[in-house]
Amino acid sequence: MADHARGEGASSSSSNPRSIHTAQSPPLVELTLVDVSADLAASSDIAPLLSKALDVGGGGCIHVSVRPSNNNSADCPEHHDIPDQVRERISKSVTRFIKPEDRYLALGSLLLKSRAYHQTLADVNGEASCSAAGGISLPVVDLPRTEYRKPYIPIPESKKGQDRNNNHNHHHHHHLISVSHQFPYVGLSRLNLQSPYLLQSSSTPLHVGLDIVTYQPPNPRLYSSTSEFLDVFRDSFTSSEWEHVVDQSAPAAAWFGRRHKSDEDSMREFYLRWAVKEAYTKALGVGMGLDFGSFDVRFDCCKNNSGGLVESFDMAKEREDDRNTHRLATLGKIVQCGGNDAATGHREEIWHFTFTELGGKKPSELDVCTSTTSKQHRREGCACVCVGPITPLEVAERNAIIRPVDVRWMGLEDVLYWHKEDRKLTLTKQ
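Figured I'd write up the structure that's included with this text. (Residues numbered from 1 in each chain as written. Predicted model: local features only at pLDDT ≥ 70, side-chain atom pairs only at ≥ 80, totals over all residues. Heavy atoms only, no water.)

Side note on unusual backbone geometry
And step 1. Cis rather than trans, the peptide bond between Phe183 and Pro184 has omega equal to 10°.
And step 2. With respect to the secondary-structure elements, Pro184 resides in the loop between strand 5 (177–182) and strand 6 (185–191).
And step 3. Positive phi, close to 70°, is recorded for Arg149, a residue that is not glycine.
And step 4. One can find Arg149 in the loop between strand 4 (141–142) and helix 5 (167–170). (Helix = DSSP H or I, 4+ residues; strand = E, 2+ residues; numbered from the N terminus.)

Okay, here's the thing in structure tokens:
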């Protein structure tokens, strides 16, 4: 859930030869995940690791602010590299938290955002890596935030519109990244500006959103039952969404041969759909500023089952021919509503959603293993990435992207090491 609990388009599993996304091409979205539990288990004192982060660029940390451009069309980045002031600012952004686990999450968020900043500038410059001349380490960068407190990467005005499709200008820098954390995980999703899909897409700006949830049972000291807990969030969902969270037709389930939804499945469905709401509003850049009950999300993967996202997720994991059994990718139709009734909807958009399982597999069983990520039992949960809106024409002609999200696991030390050494990225020059 976006940093806490408040934290139906064709399935993307087909292989259309017309699709422009291949296993060799850069992904549309890069999702980087960090599990801080190993670092916390090693030491509750974050000071040594924080000191390494502050010194990674020779002590010259950078804070990026923005000023209006001359034509008022966008913001221009300004770098402030006064070591003492920036070091103090960055240090306080981590140490202001009391609990050690929150400090580790804050440091993970800082480092992932800094890494994304350097990666995006490499994208804009058309570079295949972020290698610094002379082996100089890249500094840790503190990003600016929007009025809704969303961190973003400002792209230099001189760099915008220089690619063949003016792509960097269309995909506004406020929507290039999204960050989320829920202990023990922190993650960042980033639009890859060198993705063939972006370079060949229409002028419709794309947004990316991320939310991480962990499946936690209701606190028995506050709630006497699962139903009592879920009722608190009833108004955050439309009636059609709520039917998937709470099996309102339970008495007739056995009659029609359906399995009655257990409390555990209801909780999982709730968390998955909450992550959807959070990811979408964060992609728009408004977060909690948009009433969750004002829009309805209808997934293609749920069209032919009554078990909702939980059943679709479980079915995806059971497919023997699916190489990525820990993910569910699907299109979702988002209908804007006047209230909590989807029937009043008047505007529709198509977005792509990818759900990545957390805690169910060890990092060594995923696409990229790391040196420091914990291989012990980890709390189960899910990372939801959404990207859109996708036009109906793109859905019909391009099959909406086969697998738009690539997942990479890293440890805190890995992210620090990335700033220090040669950074060969999975990018291809255009």
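Here the narrative resumes.
Digging into the pairing of strand 5
And step 1. In terms of burial, strand 5 is largely enclosed, as five of its six residues are buried.
And step 2. Where strand 5 lies against strand 6, six bridges are found, and the strand directions are antiparallel. Among the inter-strand pairings, Ser180 is bridged to a residue of strand 6, identified as Gly187.
And step 3. The turn joining strand 5 and strand 6, which pair antiparallel and follow one another in sequence, is formed by two residues. (Buried < 20%, exposed > 50% of the residue type's maximum accessible area, 1.4 Å probe, protein only. Pairing = 2+ DSSP bridges.)

A few points about the packing of aromatic side chains
And step 1. Under the counting rule described, the total for this entry stands at 18 aromatic pairs.
And step 2. When the centroid spacing of 5.7 Å and the interplanar angle of 85° are considered together, the rings of Phe229 and Phe270 count as edge-to-face. Pair noted here: Phe229 is in helix 7 (residues 226–231) and Phe270 is in helix 10 (residues 263–284), with a separation of 41 residues, a long-range link. An identical accessibility class is assigned to Phe229 and Phe270; each is buried.
And step 3. Here the aromatic rings of Phe237 and Trp242 are separated by 5.7 Å at their centres, their planes lie at 40°, and the arrangement is tilted. In this structure, Phe237 and Trp242 share a single accessibility class: buried.
And step 4. We note Arg115 situated over the ring of Trp418; from NZ or CZ to the ring centre the distance is 5.3 Å.
And step 5. Lying across the ring of Phe295, Lys277 places its NZ or CZ 4.2 Å from the centre. (Phe/Tyr/Trp six-rings, centres within 6.5 Å; stacked < 30°, edge-to-face > 60°. Lys NZ or Arg CZ within 6 Å of the ring centre and 35° of its normal.)

A few points about the nonpolar core
And step 1. Counting residues in each nonpolar core, the largest one holds 62 residues, and the members touching the most others are Leu107 and Leu191.
And step 2. Looking at this core element by element, the count peaks at ten residues for helix 4 (residues 100–125).
And step 3. Filtering out sequence-adjacent residues up to four positions away, Leu107 remains in contact with Ile46, Leu49, Leu50, Ala53 and Val94.
And step 4. Counting residues in hydrophobic clusters, the runner-up holds 36 residues, among them Phe233, Ala279, Ala283 and Cys386. (Core = buried A, V, L, I, M, F, W, Y, C linked by side-chain atoms within 4.5 Å. Contact = heavy atoms within 4.5 Å.)

Details of the sheet that holds strand 10 (residues 347–358)
And step 1. The five strands lie next to each other as 7-11-10-9-8, forming an open sheet whose pairing is antiparallel. At either margin of the open sheet sits one strand with a lone partner, and together these are strand 7 (207–214) and strand 8 (295–299). Between one strand axis and the next, the sheet turns by 30° as a mean value, whatever way the strands run.
And step 2. Of the pairings in the sheet, the one linking strand 8 to strand 9 (residues 327–336) comprises five bridges and is antiparallel in character. Across the sheet, Phe295 pairs through a bridge with Gln336, a residue of strand 9.
And step 3. Docked against the sheet, helix 11 (residues 308–318) engages strand 8, strand 9, strand 10 and strand 11 (381–390), running at close to 155° with respect to strand 9. (Axes fitted to C-alpha atoms, helices over the stretch in contact; angles between N-to-C directions.)

These results come straight from atomic positions and should not be treated as a statement about function.
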